[in-house]
Amino acid sequence: MWLSNSLKKSNKFLFILGIGWFIFSGCSNQEKEITISAASSLTEVVSTVVRSYEKVSNVKAKTIFGGSNHLAAQLRDGASVDVFITADSKLLEGLNFRKVIKDFTRNSLVVVKPLDFVDQNFEPKDLELEEKLIAICSEGVPCGNATKSRFGIVNADTYELNVKAVLARVSAAEVDLGIVYETDLKNEPKVVAAWPQEKTCPCVSYAVASKGKVGDDFVEFLDSKIAKRIFHEHGFPHE
Amino acid sequence: MNKLPKTVVLIALFAILFLLSPLLGLLQRMPWSGLVDLLGTEVVSDAFFLSLIVSFSATLIVLALGTPIAWFLAKAKFPFIKLLRAIVLLPMVLPPVVGGTALLFAFGRQGFLGKWLNNWFGITLPFSTTGSILAAVFVSIPFFVVAVESAFRSINEDSEKVAETLGASPSKIFFRITLPRILPSVIAGLALSWARALGEFGATITFAGNLPGETQTLPLAVFLALETNPEAALALSLVMIVTSLAILIPFRDQWLPSK
């Protein structure tokens, strides 16, 4: 009671502001910050890795997920990140990262159908049929380039800008078939493989690029036992 | 005309400069030397003609559907009219991507209306030019309704009443007396909604998808090119700017006659 009596409204406001400042400045003095951008196909696995990295390292991480081309464009336009994990190493050209690990992990493609159509049978030649509604990634983005080199010409009805958009179309059963990453099958229960398929390439190969001590430290963590286990759990090969 | 206060002129010039600078930025980056080759590609011409078809069809539908809506909202009197007016404006406020998702929930293959269209008539609206037009109508209709509704409300009805006592039918009164008087507002509304339809991106890519020649309008082609071929994106933007200016300059004089 004495506090609220003795402080006028404006003073109270300043008092709270002061406490807030005290807390926040306390935090930023102790913790380092790291910004990581990663291909959207890595959203789940990288988020999990980052969470366990924060626990062991006292570094506060900010993650940006998006299509690799989109992220690379952001970097060319001056966005600053410490680590960039891209689904296409060609996108690193012209970006000044000091350390680059090529072929860090891989992701193969799989033709999927909506869980709603689990009883419907499809076959590989359906990809060439006009009657089937098919969503694939657009050529030019990593999953689209991989789709083209693995499947050739597909009679698609929509070319999406990233794999998550294809996944959304299939999981909502707006299309009959879609071509997504193998790992998406694990993360999205509303889609299933359209027919039994083997993990083969041509596929997508991810590259990890970093700069500065903060970035390099995180990349080192990516080779730790914990990180490897997380990658495996999410279906990503990691030696 | 009176002399304008200096401060107003200054602020206006600043504001115009602000609006102009992004445009200058585009022009300054434009790959002028390779422009002819870029514009000659099939992707650009497909997107250009598709955009014209989609935006003009959408505008015609907006005229046909928007006029009755505007008339109804201006004249009808019942308790929930204010709510109804707000609902008609919602597509203006909704982020277009949300609008597109909502369209999918209604007219998509699994949507509550789309399911029925699909089962009974075999019609699938997404992934078709019709779907693109539908998305464009949805986002652009409020611009037309706002312009025309206020015109309907502001005219006095004396002439209509006289015509009625002289025995003219309601439809004759509407087409011969009311419509000519609100024509400037109708044209203004059409120009606004056409411009909105031409620039439409979010609802289209969400609802109609992205297929060259079918649903890939200029804004979609620009967005895709921005990530894969920035020079083509600039060329496509130039096409959009030139097209809109070509249509909007004469239109604007129609509804705001310059002296």
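Right above here is the structure, for reference.
Just so it is clear, the model here is predicted, and its values are computed rather than measured.

**Student:** What is the right way to look at the overall build of chain A in this model?
**Tutor:** Scanning chain A for helices and strands turns up nine helices and ten strands. Counting all 239 residues of chain A, 46% fall into the buried class. In chain A, of all internal contacts separated by at least 6 residues, the share reaching a separation of at least 24 is 73%. Total accessible area computed for chain A in this model is approximately 12,400 Å², and 55% of it derives from carbon and sulfur atoms.

**Student:** What exactly am I supposed to notice about the overall build of chain B here?
**Tutor:** The number of helices and strands found in chain B is twelve helices and zero strands. Going from N to C terminus, chain B has its helices and strands arranged as α-α-α-α-α-α-α-α-α-α-α-α. Over its C-alpha atoms, taken along the principal directions, chain B stretches across nearly 65 × 65 × 30 Å. When the 259 residues of chain B are sorted by exposure, 40% land in the buried category. Charged side chains in chain B number 17 positive and 13 negative. The centres of these two groups are separated by 14 Å.

**Student:** In this structure, what is going on with empty space enclosed by the protein? I would like to understand it.
**Tutor:** Sizing a probe to match a water molecule and rolling it over the atoms shows the empty space that remains. With the rule as written, the count across this model stands at two cavities of 30 Å³ or more. Looking at the largest cavity, it is lined by 14 residues, and the ones nearest its centre are A:Ser40, A:Gly67, A:Ser68, A:Pro142 and A:Tyr181. Within the lining of the largest cavity, the residues separate by chemical class into eight nonpolar, six polar and no charged. Here the second largest cavity defines a volume of roughly 50 Å³. Those elements giving two or more residues to the lining of the second largest cavity turn out to be helix 3 (42-75), helix 7 (129-154) and helix 9 (170-199) of chain B. Among the elements that line the lining of the second largest cavity, the one with the most residues is helix 3 of chain B, at three residues. Of the residues assigned to the lining of the second largest cavity, the class counts are four nonpolar, five polar and one charged.

**Student:** How should I be thinking about the packing of aromatic side chains in this particular structure?
**Tutor:** Counted according to the given criterion, the structure contains 14 aromatic pairs over all chains. A ring pair is formed by A:Tyr53 and A:Phe218, whose centres lie 5.1 Å apart and whose planes are at 80 degrees; its orientation type is edge-to-face. Residue A:Tyr53 is located in helix 3 (residues 43-57), and its partner A:Phe218 is located in helix 8 (residues 212-222); the two are separated by 165 residues in the primary sequence. Residue class for A:Tyr53 comes out buried when judged on its relative accessible area of 6%. Where B:Phe72 meets B:Phe78, the ring centres are 6.0 Å apart and the plane angle is 45 degrees; that geometry is what we call tilted. Residue class for B:Phe72 comes out partly exposed when judged on its relative accessible area of 37%. Exposure remark for B:Phe78: the relative accessible area of 33% places this residue in the partly exposed category. In textbook terms, an aromatic cluster arises when at least three aromatic residues are bridged by ring pairs, as seen for A:Phe104, A:Tyr206, A:Phe231 and A:Phe236.

**Student:** I keep staring at the pairing of strand 1 (residues 32-39) of chain A and nothing clicks. Help me out?
**Tutor:** Sheet faces and side chains relate simply in a regular strand, where the side chains alternate between the two faces. Residue and element names in this part refer to chain A. Burial of strand 1 is extensive: six of the eight residues sit out of reach of the surface. Bridge count for strand 1 against strand 2 (residues 59-66) is eight bridges, and the pairing is parallel. Looking at the pairing, Ala-38 lines up with Phe-65 of strand 2. Note on the crossover from strand 1 through helix 3 to strand 2: the handedness is right-handed.

**Student:** Can you walk me through the packing of helix 8 (residues 158-165) of chain B against helix 9 of chain B in this structure?
**Tutor:** Any two packed helices are characterised by the angle at which their axes cross and by the distance between the axes. Residues and elements named next belong to chain B. Contact geometry for helix 8 and helix 9: axes closest at 10 Å, N-to-C directions at 165 degrees. In terms of their interaxial angle, helix 8 and helix 9 are classed as roughly antiparallel. In the crossing of helix 8 with helix 9, the sense of the turn from one axis to the other is right-handed. Each of Ser-159, Glu-160, Ala-163 and Glu-164 in helix 8 lies in contact with helix 9, whose residues at this interface are Ile-173, Ile-177, Thr-178 and Arg-181. Class assignment for the residues of the contact of helix 8 with helix 9 results in three nonpolar, two polar and three charged.

**Student:** Even after reading the chapter, I still don't get the environment of B:Leu224, so can you show me in this structure?
**Tutor:** Here B:Leu224 is to be found in helix 11 (residues 218-228). C-alpha of B:Leu224 to C-alpha of B:Asn210: the two residues are 14 residues apart in sequence and 9.4 Å apart in space. Not counting the four nearest positions on each side in its chain, B:Leu224 is found in contact with A:Ser138, A:Leu161, B:Asn210 and B:Gln216.

**Student:** What's the story with the interface of chain B and chain A in this structure? I'm lost.
**Tutor:** Where the parts come together, the accessible area they lose is often given as the size of the interface. The partner chain A presents 21 residues to the 18 residues of chain B that form the contact. Both sides together, the interface formed by chain B and chain A hides about 1,700 Å², and carbon and sulfur atoms give 54% of it. Between chain B and chain A we count one salt bridge in total. Measuring nitrogen to oxygen at the nearest pair gives 2.9 Å for the salt bridge that ties A:Asp176 to B:Arg109. Elements supplying a minimum of two residues to the side of chain B that touches chain A: helix 10 (202-207) and helix 11 of chain B. With four residues, helix 11 of chain B is the single largest residue contributor to the side of chain B that touches chain A.

**Student:** So what exactly am I meant to see when it comes to the sheet that holds strand 7 (residues 158-160) of chain A here?
**Tutor:** Pairing between sheet strands relies on hydrogen bonds along the backbone, with the strands arranged either parallel or antiparallel. Residue and element names in this part refer to chain A. If you trace the five strands from one edge of the open sheet to the other, you get 7-6-8-5-9, paired in mixed fashion. Pairing within the sheet leaves two strands with one partner each, and these edge strands are strand 7 and strand 9 (191-193). The mean inter-strand angle of the sheet, taken between neighbouring strand axes irrespective of direction, is 40 degrees. As judged from the four bridges shared by strand 5 (residues 109-114) and strand 8 (residues 177-181), these two strands associate in the antiparallel manner. Considered in strand 8, the bridge of Val-111 is made with Ile-179.

**Student:** I keep staring at unusual backbone geometry and nothing clicks. Help me out?
**Tutor:** All names here are of chain A. With an omega of 15 degrees, the peptide bond running from Cys-201 to Pro-202 counts as cis. When you line up the elements, Pro-202 lands in the loop between strand 9 and strand 10 (204-210). Unlike most non-glycine residues, Asn-58 shows phi in positive territory, near 65 degrees. Relative to the elements of secondary structure, Asn-58 occurs in the loop between helix 3 and strand 2. Phi at Asp-103 takes a positive value of approximately 50 degrees, unusual for a residue other than glycine.

Rules of the game
Residues numbered from 1 in each chain as written. Chains lettered and ligands numbered in written order. Predicted model: local features only at pLDDT ≥ 70, side-chain atom pairs only at ≥ 80, totals over all residues. Heavy atoms only, no water. Helix = DSSP H or I, 4+ residues; strand = E, 2+ residues; numbered from the N terminus. Buried < 20%, exposed > 50% of the residue type's maximum accessible area, 1.4 Å probe, protein only. Contact = heavy atoms within 4.5 Å. Areas by Shrake-Rupley, 256 points an atom, 1.4 Å probe, with all protein chains shown as cover. Lys, Arg positive; Asp, Glu negative; His and termini not counted. Charge placed at Lys NZ, Arg CZ, Asp CG, Glu CD. 1 Å grid on protein atoms, 1.4 Å probe; cavity = no way out; pocket = protein on both sides within 12 Å on 5 of 7 lines; lining within 4 Å. Points joined across faces, edges and corners; volume = space filled by probe spheres on them. Nonpolar A, V, L, I, M, F, W, Y, C, P; charged D, E, K, R; others polar. Phe/Tyr/Trp six-rings, centres within 6.5 Å; stacked < 30°, edge-to-face > 60°. Pairing = 2+ DSSP bridges. Right-handed = clockwise from strand over helix to strand, strands pointing away. Axes fitted to C-alpha atoms, helices over the stretch in contact; angles between N-to-C directions. Parallel < 35°, antiparallel > 145°, perpendicular 65-115°, else oblique. Left-handed = near helix turned anticlockwise from the far one by under 90°. Buried area = accessible area lost by both parts, 1.4 Å probe. Salt bridge = Lys/Arg side-chain N within 4 Å of Asp/Glu carboxyl O.

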